[in-house]
Every structure is written in C-alpha cells, then in structure tokens.
Amino acid sequence: MLAEKKAEKRSVSDKREKIMQAAISVFASQGFFNSTVADVAKVASVADGTIYLYFKNKDDLLISIFEQSMDMFIDEVSDKVKEGGTPQEKLKRYITLHLELVQKNQDLAQVIQIELRQSSKFMKEYANAKFFEYMNILQVIIEEGQAKNVFRQDADPVILKRAIFGAIDEMALEWVLMKRKRYSIEDAAHQVYQLFTEGLTI
C-alpha cells in the first residue's frame, strides 16, 4: 500500500512537471497572453482538462513556474554561499550564478524576465515571498561584509541589495532580449561585481 501511494505521488509530480515544462516552452515562444491552456496541453500531450487537475488556470500555471524557478535559484545560490569564503567571494558567486542560471535556462528566463512582468494579476496580487527570500541571501552577504569591516558601514543593506539585484536583473533581461550576444554572461557578472565591490570596499 505504501509503495503504491509513493508511486501515485511520483506520477502526479511527474505529470505536473511535464505540464510546467510544456508551459515554459509555449509561453516563451508564443508569449503568455497569446497562449492558451489548450496550447500547453497539446505540447504536454495531455487532455485540456488534465491541466485543471493540477492548476486553477493559466495565471496559476505562470505563478507556479515562477515559484519553482525561485526554489531552484534559492537552492543553487544557498549551496554556493555555504561553500564559505570572504563576503566578496560570496557576492561574486551570487552574481555569477544568477546570470549563469539565466544562460542555462533561457526559455524559463524569458518567461520570468518578460512574460511574468506583463501579468497585472501577478504584479498586484502575488505576495512574492520566495523572491524576498532570494533577495535576503544577498542582504546577509552584505551584512556579513559590514560586520567584518570589508564593506562600507554607511551603506544600507536593504537599499543596497535592491541596487545590486537591479543591476543583475537588468543584465539578465538585456542578455535574454539580445538576438546577437554582444557580451558574455561571464563578462557581465564580472563587471557588475567589480562595480559594486569597488564602491563598497574600504
């Protein structure tokens, strides 16, 4: 009985993941507003009604994609930060890994960077707790640097984390939109890191 329940749970998880991957592909290629649940169902090779067993509607599917992507970013960045090193090294890892994840998951990045932000429902109604959790990793790095007297004491970590993330986010958006890549992800990460550390370092 226990084995059957585990198999059933795994099957549900696999089906849900399959639908989400199909949605990422559809939303990235057609745009969120131009896509329908039927489009997603076709790519996922499931009946239209099956989508509604796992998601309330198309908006819920979009938000679920965002939450899963944030879980991935949080796990990846947390693991890198836990490797230790100086606050400067942790900051560089945060910036670099974020941009590398954008590069490795370009369809997902396009959905998050472009399609998600056009959803008024998401922007107005969603609490966005996972995003704040991700941003707080950056704040902890900044506060550690200040505690160790390697980052400026007069910098407000709350303001600074948004400034740094804003720079990373803009580079990610620009890179996703560029048809011909004028610079590499590595160069972008290095220059954003260098800009802020030179301004932060005592």
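Residues numbered from 1 in each chain as written. Predicted model: local features only at pLDDT ≥ 70, side-chain atom pairs only at ≥ 80, totals over all residues. Heavy atoms only, no water.

Participant: What is the right way to look at the layout of surface pockets in this model?
Facilitator: Over the atoms, a rolled probe matching the size of one water molecule traces out where space is still vacant. A volume near 400 Å³ is recorded for the largest pocket. F66, I112, L116, R117 and F131 are the residues nearest the centre of the largest pocket, which is lined by 22 residues in total. Residue assignment for the lining of the largest pocket shows that the elements contributing at least two residues are α4 (58-81), α5 (87-104), α6 (106-115), α7 (120-125), α8 (129-147) and α9 (157-177). Grouping the constituent residues of the lining of the largest pocket by class yields 15 nonpolar, five polar and two charged. (1 Å grid on protein atoms, 1.4 Å probe; cavity = no way out; pocket = protein on both sides within 12 Å on 5 of 7 lines; lining within 4 Å. Points joined across faces, edges and corners; volume = space filled by probe spheres on them. Helix = DSSP H or I, 4+ residues; strand = E, 2+ residues; numbered from the N terminus. Nonpolar A, V, L, I, M, F, W, Y, C, P; charged D, E, K, R; others polar.)

Participant: Which parts of the structure should I look at to understand the nonpolar core?
Facilitator: Burial of nonpolar side chains together is a common tendency in soluble globular proteins. One finds F27, V40, I65, Y94, I95, Y134 and I164 to be the most contacted residues of the largest nonpolar core, which totals 64 residues. Every element with two or more residues in this core is listed here: α1 (2-30), α2 (37-44), α4, α5, α6, α8, α9 and α10 (185-200). Element by element, the count of residues in this core is highest for α4, at ten residues. Setting aside anything within four residues of it in sequence, one finds F27 in contact with F32, S35, V40, K58, L61, L62, I65, V111 and E115. (Core = buried A, V, L, I, M, F, W, Y, C linked by side-chain atoms within 4.5 Å. Buried < 20%, exposed > 50% of the residue type's maximum accessible area, 1.4 Å probe, protein only. Contact = heavy atoms within 4.5 Å.)

Participant: Honestly, a negative patch on the surface in this entry has me stumped. Any pointers?
Facilitator: On the surface, a cluster of negative charge is contributed by D75, E76, D79 and E133. With three residues, the single largest contributor to the negative patch is α4. You can see E133 is positioned in helix α8. In this structure E133 comes out as partly exposed when scored by relative accessible area, which is 43%. (Patch = residues over 30% accessible without salt bridge, like charges linked within 9 Å, V, L, I, M, F, W, Y side chains within 5 Å. Areas by Shrake-Rupley, 256 points an atom, 1.4 Å probe, with all protein chains shown as cover. Salt bridge = Lys/Arg side-chain N within 4 Å of Asp/Glu carboxyl O. Lys, Arg positive; Asp, Glu negative; His and termini not counted. Charge placed at Lys NZ, Arg CZ, Asp CG, Glu CD.)

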